[in-house]
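# Reading the structure
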Amino acid sequence: METTVQTDTSGLETRALSSALGVEVLNIDLATSGSDALAPAFIDLFNRAAVVAFRGQSLSPERLIAFSRHFGPLEPHTDFEHLLPGHREIMLVGNVAPPCGGQPFFHNAMEEWHTDLIQTQTPNAATVLYAIESPPAGATTRFIDARAAYDALPQTDRNRVDAMQGVYDIVTFDNEMRRQDPHRPPLTEEKIRRNPPVSHPIARTHPVTGAKSLYFAADIIARIDGMSDEESRSVVDGLLSHASQPEFVYAHRWKDGDVVIWDNRCTLHTATPFDADKYRRLLYRTVIAGETPY
Ligand code: OGA
Ligand code: MN
């Protein structure tokens, strides 16, 4: 793997996180407003690298929010149950609460590749996770470079996926969530009415870079528009087994103090399980508002 340290024109020192994707920014302290002047360089790097890590950070909630805002307006969390008390921009993820309280979203997932809020009209553009406590084993977060995966498809397949639309609906989504959590309360008619199905291109164009990437969430997609359930399933499974090949995947092993931002518009990601009876995990999470995919 390439581990050469590079210095870009704005003075950021960076290093590749893997041969697939991801870049780490070295020797940077996001805790003080001094780092805010580097926002244009962070954005430039984010647009190129898609997954950017800043290790060894020690951030107040306010500084995590200020950092996240460099990348766009924050999206209010839809999940009110899991907020950091006093900071509605921050959601808690993991199996232990911070000293100030709150109830983290705990989801000890099997491998479920997705991109955040794809089942909505305006999915999150980016997500930031900040690791407060990390288990010594497991719980790596895996990322696919969905641009490279798209580019590596044979031209005939690219032409086919260029014409495909993925359909997401709340009933399919909810069924999948209930499969994982049988105690989930039932969907109401009202909620179904308020959340009509959405369609998004399977080959999404990045609104900043213009790059195309594969864009789908295999476990919650209802179908590909115009295809039978069976045909949809076989196309989606084929695309996922292509995209999840090791050459496109970076697995992030969390250490306390890691801040990682990823671009939901050109990557797919999945959590992986850990021994939650034995180990503690807590992350703070912010999300950047997105636009309708095209
Ligand atoms: C998320 C997510 C992965 C993880 O926060 O959107 O998918 O490893 N997290 O917790
Ligand atoms: Mn996610």
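Above this note sits the structure.
Residues numbered from 1 in each chain as written. Chains lettered and ligands numbered in written order. Predicted model: local features only at pLDDT ≥ 70, side-chain atom pairs only at ≥ 80, totals over all residues. Heavy atoms only, no water.

Turning our attention to the overall build of the chain. Per the secondary structure count, the chain includes 7 helices and 17 strands. Its C-alpha atoms give the chain a radius of gyration of 19 Å, within 12% of the compact-globule value 19 Å for 294 residues. C-alpha atoms of the chain, sized along the principal axes, occupy 55 × 45 × 35 Å. The buried share of the chain, reckoned over its 294 residues, is 50%. Counted over contacts in the chain with a minimum sequence separation of 6, partners at least 24 positions apart contribute 76%. When the accessible surface of the chain is totalled, it reaches about 13600 Å², and 51% of it is carbon and sulfur. Here the chain holds 27 positive side-chain charges and 39 negative ones, and the gap between their average locations is 1 Å. (Helix = DSSP H or I, 4+ residues; strand = E, 2+ residues; numbered from the N terminus. Rg over C-alpha atoms; globule rule 2.2 N^0.38 Å. Buried < 20%, exposed > 50% of the residue type's maximum accessible area, 1.4 Å probe, protein only. Contact = heavy atoms within 4.5 Å. Areas by Shrake-Rupley, 256 points an atom, 1.4 Å probe, with all protein chains shown as cover. Lys, Arg positive; Asp, Glu negative; His and termini not counted. Charge placed at Lys NZ, Arg CZ, Asp CG, Glu CD.)

This brings us to the site of ligand 1. Close contacts around ligand 1 come from His114, Asp116, Leu129, Thr141, Trp262, His269, Ala271, Arg281 and Arg285, and that covers them all. At 3.3 Å, a side-chain N or O of His114 approaches an oxygen atom of ligand 1. Here an oxygen atom of ligand 1 sits 3.1 Å away from a polar atom, N or O, in the side chain of Asp116. Broken down by class, the residue content of the shell around ligand 1 amounts to 3 nonpolar, 3 polar and 3 charged. (Near = heavy atom within 4 Å. Polar contact = N/O pair within 3.5 Å; in protein donor to acceptor, adjacent residues only side chain to side chain. Nonpolar A, V, L, I, M, F, W, Y, C, P; charged D, E, K, R; others polar.)

Scanning the model with the defined rule gives 9 aromatic pairs in all. Seen in terms of ring centroids, Phe54 and Phe67 are 5.1 Å apart; in terms of plane orientation they differ by 80 degrees. Their pairing is edge-to-face. Pair noted here: Phe54 is in strand β4 (residues 51-54) and Phe67 is in helix α2 (residues 61-69), with a separation of 13 residues, a long-range link. The same class applies to Phe54 and to Phe67, which are both buried. Here the aromatic cluster, defined as three or more aromatic residues joined through ring pairs, consists of Phe42, Phe46, Phe54, Phe67 and Phe71. (Phe/Tyr/Trp six-rings, centres within 6.5 Å; stacked < 30°, edge-to-face > 60°.)

To continue, consider the sheet that holds strand β16 (residues 267-271). If you trace the 3 strands from one edge of the open sheet to the other, you get β14-β8-β16, paired in antiparallel fashion. Each of the sheet's edge strands pairs with one partner strand only, and the pair in question is β14 (249-252) and β16. If you compare each strand with its neighbour and ignore which way they point, the axes differ by 20 degrees on average. Examined bridge by bridge, strand β8 (residues 141-145) and β16 share 5 bridges and lie antiparallel to one another. Note on β16: the bridge partner recorded for Ile144 is Leu268. (Pairing = 2+ DSSP bridges. Axes fitted to C-alpha atoms, helices over the stretch in contact; angles between N-to-C directions.)

So, on to the coordination of the manganese ion (ligand 2). Put simply, the ideal angle at a metal is 109.5 degrees for four donors in tetrahedral geometry and 90 or 180 degrees for six donors in octahedral geometry. Only His114 (NE2), Asp116 (OD) and His269 (NE2) from the protein reach the manganese ion (ligand 2) as donors, at distances of 2.1 to 2.2 Å. Taken in sequence order, the residues that donate to the manganese ion (ligand 2) follow the motif H-x1-D-x152-H. Residue class for His114 comes out partly exposed when judged on its relative accessible area of 25%. (Donors = N, O, S within 2.8 Å, 3.2 Å for Na, K, Ca; no water.)

This next bit is on the pattern of salt bridges. In total, this model carries 18 salt bridges according to the counting rule given. Taking the shortest distance from any N to any O, the salt bridge between Lys212 and Asp162 comes out at 3.1 Å. Of the two residues, Lys212 sits in strand β12 (residues 212-214) while Asp162 sits in helix α4 (residues 155-162), which places them 50 residues apart along the sequence. The shortest N-O distance in the salt bridge between Arg179 and Glu176 comes to 3.0 Å. Of this pair, Arg179 and Glu176 both sit in helix α5 (residues 170-180), 3 residues apart, which is roughly one turn of that helix. (Salt bridge = Lys/Arg side-chain N within 4 Å of Asp/Glu carboxyl O.)

Another aspect to go through is the environment of Val287. Mapped onto the secondary structure, Val287 falls in strand β17 (residues 282-288). For the pair Val287 and Ser60, spaced 227 residues apart in sequence, the C-alpha separation works out to 17 Å. Once you skip the residues sitting within four places of it in the chain, Val287 turns out to touch Pro73, Leu74, Glu75, His77, Asn124, Ala126 and Thr127.

Looking at where Trp254 falls in the secondary structure, it is placed in the loop between β14 and β15 (259-263). Its relative accessible area of 9% is what places Trp254 among the buried residues. Sequence spacing of Trp254 and Arg55 is 199 residues, and the spatial spacing of their C-alpha atoms is 9.3 Å. Apart from the residues lying within four places of it in its own chain, the contact partners of Trp254 are Leu129, Ala131, Ser134, Ala139, Thr140, Thr141, Val260, Arg281 and Leu283.

What follows concerns the sheet that holds strand β10 (residues 198-201). Taking strand neighbours across the sheet as the criterion, the 3 strands line up as β10-β9-β13 in an open arrangement whose pairing is antiparallel. On the outer flanks of this sheet lie β10 and β13 (223-224), each paired with one strand and no other. Both strand β9 (residues 165-168) and β13 contribute to a ladder of 2 bridges, which runs antiparallel. Note on β13: the bridge partner recorded for Val167 is Arg223.

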